[in-house]
Amino acid sequence: MIKTRFAPSPTGWLHIGGVRTALFSWLFAKSQSGQFYIRIDDTDTSRSTKEYCDSIISALHSLGLNSDRELMYQSKRFDVYIDKIEYLLNNNLAYYDQVEVNEKTKDTNLDIQYENRLNKLGHVIRFKNPKENPVKLKDLVHGEITFNPKTFHDVVILRSNGVPTYNLTSVVDDTELGITHIVRGDDHLSNTAIQINLFKAFNETVPVFAHLAMIHGVDGKRLSKRHGAVDINSFLDEGYLVEALINYLVKTGWSHGDQEFFSTDDLLKLFTIDKVTKSSAIFDYDKLNWLNQHYIKNKDLSDIADMILPYLTDLNIKVSDRKYLENILSLGIDRDYNLKNIASGLTYYFENDLNYKSDDFVKFDPIKSKAVIENVIKKISNIDFDNKENISNCIKEVCSDMSLKFKDVGPAVRFALTARLKAPSIDELCFTLGKDKALKRLNDFYAFLSLA
RNA sequence: GUCCCCAUCGUCUAGUGGCCUAGGACACUGGGUUUUCAUCUCAGCAACAGGGGUUCGACUCCCCUUGGGGAUGCCA
């Protein structure tokens, strides 16, 4: 059975590129009835935090990328690694080396000591990396790669503070978990030769590797904080749908002809590693936004209502009438691309007193507008709000009575109803707001114009 | 510096030697729909990094150059 893993290091937020690696690893296993495991590679004890760890786990869970076994934490397995290092030492495959902190390693925090029987102050243990032969790798996405032994070096497997390092722990745990296929970012490609040699040193089966190209920022550099909010939780928090995120991430680096939309079920049927691209991609916010809007538009209104409630709460809006909310959403759901923005674009439906700003209204003539509003109020007070037709006709009548074109009437009315220039059509607006609210706003705006 | 990886429209990609005057999508531009905006819709713009081979024929195969990325840590 195929077994893959995702092994994040909780030294930062899980960014969107990491999520894609997890997704591909998960899809590779799951599309072939295999298993997917999550392992927390927290051997860098000074930089790993519980906060990062929890946020990574929670994000993966939100995305549906769940581990098929209990999470493995490397920080809880130091005794296992010590045994393994001792094995290498006893078989002349590792050795002690006296080291000093240098320019390159000065940032490494060695304050936390992990006392163990191999630990020797001022000494690290290095793996005796065989340098006689090139290492050949048959990578599932890159094909055959030959590593020149010229650059092989003896990597540290135990730090001077007694903490084992990634190259060792990763190999030990991949063996322990029975990982058959390692799907990871190609920033690990250079480490692979070392790790293959380590697997061999332990006489263990070398897993199959699949190195994924990375996602870069617009500057072509690897994605990081300086490219803006790229951590997965910020996308989730802003109201990007899981469907959209997955669809976006899978489409960058993998394709199935010209198909643009994929559900998770589709992916489970269609995903194959041979359609994964070798070249890196640049993160495209526009395309993600477009996809997110697509999924929001196509979701049931009641689902969106559920999902948008927390965003409205954050804006201090209490929704008492569920039906009213759904009506509003039907007018405003495709006006923005994430739930947070949609929610903040909807506030005027709930406010009792709109905050009219003259700056926004500067292009309209206050005297004319006042007359228009006055007429609209008169007409609209006498009509039935049961259908939109009535409201629409009412506005038309005002136009003809005053010999004005719609463009001289519409914007002022729309502004009165919403305090903004861009909004749904007036009849929809009035119909959804209801007669009382609509009239109150028209009167409020009339008063506002009188003061101005 | 050394090693490794990568290279099609601005971006994500299709393309596995003839189907390519290179297809789709996002973005952008213009038109239509919409009483504004958004949505929707139609159209347009726009690419095989360069140079050598191989071949009857190269986007596709090989080599070189160039460009980009990664590794070269007591990070992962």
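Residues numbered from 1 in each chain as written. Chains lettered and ligands numbered in written order. Predicted model: local features only at pLDDT ≥ 70, side-chain atom pairs only at ≥ 80, totals over all residues. Heavy atoms only, no water.

Draft legend 1. Structural view of the protein's contact with RNA strand B. Residues in contact with RNA strand B amount to 60 residues; listed here are only the nearest, Thr 105, Arg 159, Lys 221, Arg 335 and Phe 406. For RNA strand B, the fraction of protein-proximal atoms (within 4 Å) that sit in sugar or phosphate groups is 73%. Thr 43 is positioned with one of its side-chain polar atoms (N or O) 2.6 Å from a phosphate oxygen of RNA strand B. At 2.9 Å, a side-chain N or O of Arg 222 approaches a phosphate oxygen of RNA strand B. At the level of secondary structure, the elements contributing two or more residues to the surface near RNA strand B comprise β5 (123-127), β7 (143-147), β12 (281-282), α9 (285-297) and α15 (406-418). (Near = heavy atom within 4 Å. Polar contact = N/O pair within 3.5 Å; in protein donor to acceptor, adjacent residues only side chain to side chain. Helix = DSSP H or I, 4+ residues; strand = E, 2+ residues; numbered from the N terminus.)

Draft legend 2. A look at unusual backbone geometry. In this structure, Ser 33 takes a positive phi of about 55 degrees despite not being glycine. Here Ser 33 shows up in the loop between α1 (16-30) and β2 (35-40). Taking relative accessible area as the criterion, Ser 33 reaches 62% and is therefore assigned exposed. (Buried < 20%, exposed > 50% of the residue type's maximum accessible area, 1.4 Å probe, protein only.)

Draft legend 3. Summary view of the environment of Ser 234. Following the sequence through the fold, Ser 234 ends up in helix α6 (residues 232-237). Residue Ser 234 is classed as buried on the basis of its relative accessible area of 16%. Placed 111 residues apart in sequence, Ser 234 and His 123 show a C-alpha to C-alpha distance of 42 Å.

Draft legend 4. Molecular detail of the pattern of salt bridges. Scanning the entire structure with this criterion turns up 19 salt bridges. Of the charged contacts, one joins Glu 260 and Lys 251 as a salt bridge, the two residues approaching to 3.9 Å between their closest N and O atoms. For Glu 260, a relative accessible area of 28% gives the class partly exposed. Residue classification places Lys 251 among the partly exposed positions, given a relative accessible area of 23%. Residue Lys 287 is joined to Glu 260 by a salt bridge in which the shortest nitrogen-to-oxygen separation is 3.5 Å. In this pair, Lys 287 is assigned in helix α9 and Glu 260 in the loop between α7 (242-251) and α8 (264-270), connecting sequence segments 27 residues apart. Relative accessible area serves as the criterion here: at 33%, Lys 287 is assigned to the partly exposed category. By sharing partners, the salt bridges in this structure join Arg 5, Arg 39, Asp 41 and Asp 174 into a single network. (Salt bridge = Lys/Arg side-chain N within 4 Å of Asp/Glu carboxyl O.)

Draft legend 5. Geometry of the sheet that holds strand β3 (residues 72-73). Taken in spatial order, the three strands make up an open sheet running β1-β2-β3, and their pairing is parallel. Unpaired on one side and paired on the other, β1 (3-6) and β3 mark the two borders of the sheet. As paired elements, β2 and β3 share two bridges and run parallel to each other. In the sheet register, Arg 39 faces β3, and the bridge partner there is Met 72. On top of the sheet, helix α2 (residues 50-62) reaches β1, β2 and β3; it is set at about 165 degrees to β2, its chief contact. Relative to the sheet, helix α4 (residues 166-177) contacts β1, β2 and β3, its axis offset from that of β2 by approximately 145 degrees. (Pairing = 2+ DSSP bridges. Contact = heavy atoms within 4.5 Å. Axes fitted to C-alpha atoms, helices over the stretch in contact; angles between N-to-C directions.)

Draft legend 6. Seen up close, the packing of helix α3 (residues 78-90) against α4. Where α3 contacts α4, the axes come no closer than 10 Å and their chain directions differ by 100 degrees. Between α3 and α4, the crossing angle belongs to the class labelled roughly perpendicular. Seen from α3, the contacting residues are Val 80, Tyr 81, Lys 84, Ile 85 and Leu 88; seen from α4, they are Leu 168, Thr 169, Val 172 and Asp 173. Broken down by class, the residue content of the contact of α3 with α4 amounts to six nonpolar, one polar and two charged. (Parallel < 35°, antiparallel > 145°, perpendicular 65-115°, else oblique. Nonpolar A, V, L, I, M, F, W, Y, C, P; charged D, E, K, R; others polar.)

Draft legend 7. Layout of the environment of Glu 326. Relative to the elements of secondary structure, Glu 326 occurs in helix α11 (residues 322-332). Judged by its relative accessible area of 18%, Glu 326 falls in the buried class. As a C-alpha pair, Glu 326 and Ala 305 span 21 residues in sequence and 6.3 Å in three-dimensional space. Ignoring any residue separated from it by four or fewer positions in sequence, one finds Glu 326 in contact with Leu 301, Ser 302 and Ala 305.

Draft legend 8. Examining the sheet that holds strand β4 (residues 94-98) more closely. Overall, antiparallel pairing links the three strands, which are arranged β4-β5-β8 in an open sheet. Bordering the open sheet on either side are β4 and β8 (156-158), each of which pairs with just one other strand. On average, each strand axis in the sheet is tilted by 50 degrees relative to the strand beside it, whichever way the strands run. Inspection of the sheet shows β5 paired to β8 by two bridges, in the antiparallel sense. Note that in β8 the partner of Arg 126 across the bridge is Val 156.

Draft legend 9. Seen up close, the packing of helix α10 (residues 301-314) against α11. With their axes 10 Å apart at the nearest point, α10 and α11 run at an angle of 100 degrees to one another. Considering their axes alone, α10 and α11 lie roughly perpendicular with respect to each other. Where α10 abuts α11, its residues Leu 301, Ser 302, Ile 304, Ala 305, Asp 306, Ile 308, Leu 309 and Leu 312 lie against Arg 322, Leu 325, Glu 326, Leu 329 and Ser 330. Across the contact of α10 with α11, the residue classes tally to eight nonpolar, two polar and three charged.

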